[in-house]
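A closer look at the structure
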Amino acid sequence: MYRFLLSRQWVILTLVGLVLIPVMIKLGYWQLHRHQHKVAQNQLIARSLAADPVPVSTLTAPGRELPRRDMWRTVTATGTYDTAHEVVVRQRTAADEQSIGYYVVTPLVLGNGRAVLVNRGWVSAGNNLTKFPDVPAAPRGKVTVTGRMMADETTAASGIKDTKGLPARQVMLINSSEQAKRTGRTMLGGYIEQTAPEPAGNTPELVPEPDHDSIGPHMAYAIQWWLFAAAVPVGWLVLVRRERRDRAAAAAKEAEEAQEAGATAAAGDGGRTAEAAGSGETEAAGDEARPAPANP
């Protein structure tokens, strides 16, 4: 009844289904882990933004990799800007998430001679990408900057390729180690994403607060993958039942046609027998009707 399952076509179909089920389950867990990561990150951002500001030197030090738990913490730093070593970071989007331009990163020299990078905000790229853009001058003299503490950007973490051979004072990543080599100054690890004071004319445009409310579609995608995995065996059973029904119907039809053909053949043979019998009876009747020869 189910011998068709041993056919080449059904063996391949069954093996494909057996491969798809664990793959889809794994993809569902992958999306679940992304959902959990997003939720945990949102909670971390919310806690960090709600925490009281602390001096930048309490969270970082020269050459130190900023721990994830300290990301987005509000910090303060007081010093003077080293505008001679200011750089712009290419291929960054504005608050509208559409306009492409630069981040303006300026070292802030602290009272102890160490420096910390400050992302002062976004400016438009303009028409000529080979020259340093028009950047509003950083405030002169001693200033106090408030902002979110961020970890150094790397290609591995950001996915941004650190392209070499760029025009002067243009970089792809905000990285304190690279800027320490370039400036010859001792740099604190990470950088500050400025939130205050507001620049004159809102230029550079301050980087907006990171979104920590939306959780994305990852949980829905996880459920979707698991439903697909459950649908595979159900679909397989439906196809098997349909194939069995179709084969049974085809066999019944063949049997019916064979029976009809047999009945037709039997009816034909019966007709020929009756015809032969009738012919014999006619001949016998003729013999009986023929007059006997007279005796001499």
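Here we summarise the structure given alongside this text.

A few points about helix 3 (residues 176–183)
- Those residues of helix 3 that fall on the buried side of the exposure criterion are Ser176, Gln179 and Thr183. Projection of helix 3 onto a plane perpendicular to its axis shows the buried side chains occupying an angular sector of 65°, all on one side.
- Here the buried face of helix 3 lies against strand 3 (87–93), strand 5 (115–124), strand 7 (170–171) and strand 8 (187–196).

Structural notes on the environment of Gln31
- With respect to the helices and strands, the residue Gln31 is situated in helix 1 (residues 8–50).
- The contacts of Gln31, once residues within four sequence positions are left out, are His218, Tyr221, Ala222 and Trp225.
- A distance of 3.1 Å separates polar atoms of two side chains, one belonging to Gln31 and the other to His218.

Some words on helix 1
- Relative to the 63 Å expected for 43 residues at 1.5 Å per residue, helix 1 spans 63 Å between its end C-alpha atoms, a close match to the ideal helical length.
- Buried within helix 1 we find Trp10, Gly17, Met24, Gly28, Gln31, Leu32, His35, Gln41, Asn42, Leu44, Ile45 and Ser48.

A few points about the pairing of strand 5
- Extensive coverage of strand 5 is indicated by the burial of 9 of its 10 residues.
- Bridge analysis of strand 4 (residues 100–110) against strand 5 gives 9 bridges, and the strand direction is antiparallel. Along strand 5, the bridge assignment pairs Gly101 with Ser124.
- Hairpin connection of strand 4 to strand 5: 4 residues between the antiparallel strands, including Gly113 at a positive phi of 90°.
- For strand 5 and strand 8, the ladder comprises 4 bridges, and the chain directions are parallel. Looking at strand 8, one finds that Asn119 is bridged to Glu193.

What counts as what
Residues numbered from 1 in each chain as written. Predicted model: local features only at pLDDT ≥ 70, side-chain atom pairs only at ≥ 80, totals over all residues. Heavy atoms only, no water. Buried < 20%, exposed > 50% of the residue type's maximum accessible area, 1.4 Å probe, protein only. Helix = DSSP H or I, 4+ residues; strand = E, 2+ residues; numbered from the N terminus. Arc of directions from axis to C-beta. Contact = heavy atoms within 4.5 Å. Polar contact = N/O pair within 3.5 Å; in protein donor to acceptor, adjacent residues only side chain to side chain. Expected span 1.5 Å × (residues − 1). Pairing = 2+ DSSP bridges.

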